[in-house]
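Chain residues, written in single-letter form:
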Amino acid sequence: NSRRMSGTKRARGGSSSNDDMAAVSEDEDEQTRRRQDRNLREQQRSHKITQQIDHLKEVLSSANIQFKPDKYSTLVTVAEFIKQLQERSQLLDQEHKKLLDTVSKTNEIVNEAHLPPSTSSTSSILSSSRTDGSSG
């Protein structure tokens, strides 16, 4: 900015050459172009954010979750919804682990009952006690 200001002062003072005037004009044109580029990028960024918030609104609506339609309320509701989903996921993971344990224990019991006596640990204990003559 200080370079621009000094260039502008020289241009206004009338004591600079045509080359200085052209350089100042090009500098201002470049700054204008950069500002317009920044503004365009910001508009595009803002548009993308709006599109994503609209998508989040659709997700909430499809989950039958009531919310205020403004952006802030949408984001707050989405954050709460995510927390609920995380809690539910943890509960389901715990339930899944319990079910796997139950299935594993059930498989052990079933397999033990159907194995030949020599391979089953329980059966081999029983059969060794039978060979001792304690059982018939």
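S.K.: Hey, could you run me through the overall build of the chain in this one?
M.R.: Counting its regular elements, the chain contains four helices and zero strands. Mapped in sequence order, the helices and strands of the chain form the string α-α-α-α. Burial analysis of the chain (136 residues in total) assigns 10% to the buried set. Across the chain, contacts joining residues at least 24 apart in sequence account for 5% of those joining residues at least 6 apart. Accessible area of the chain: about 11600 Å², with a carbon and sulfur share of 52%.

S.K.: It is not clear to me how unusual backbone geometry should be interpreted in this structure. Could you clarify?
M.R.: Excluding glycine, residues mostly carry a negative phi; peptide bonds, for their part, are mostly trans. Of note in the backbone geometry, asparagine 64 takes a positive phi value of approximately 55 degrees without being a glycine. Structurally, the position occupied by asparagine 64 is in the loop between α2 (18-62) and α3 (71-114).

S.K.: Explain the pattern of salt bridges here, please?
M.R.: Any two side chains of opposite charge can pair, given that their charged atoms come close. Evaluated as defined, the whole model comprises four salt bridges. In this structure, the salt-bridge partner of glutamate 30 is arginine 33, at a minimum N-O distance of 2.6 Å. With glutamate 30 and arginine 33 both in helix α2 and three residues apart, the pair spans about one turn of that helix. A relative accessible area of 29% means that glutamate 30 is categorised as partly exposed. Assessed through its relative accessible area of 40%, arginine 33 is described here as partly exposed. Among the ionic pairs, glutamate 30 bridges to arginine 34, the shortest N-O distance being 3.1 Å. With glutamate 30 and arginine 34 both in helix α2 and four residues apart, this pair spans about one turn of that helix. One continuous salt-bridge network, built from bridges that share partners, spans Glu30, Arg33, Arg34 and Asp37.

Reading guide: rules and limits
- Residues numbered from 1 in each chain as written.
- Predicted model: local features only at pLDDT ≥ 70, side-chain atom pairs only at ≥ 80, totals over all residues.
- Heavy atoms only, no water.
- Helix = DSSP H or I, 4+ residues; strand = E, 2+ residues; numbered from the N terminus.
- Buried < 20%, exposed > 50% of the residue type's maximum accessible area, 1.4 Å probe, protein only.
- Contact = heavy atoms within 4.5 Å.
- Areas by Shrake-Rupley, 256 points an atom, 1.4 Å probe, with all protein chains shown as cover.
- Salt bridge = Lys/Arg side-chain N within 4 Å of Asp/Glu carboxyl O.

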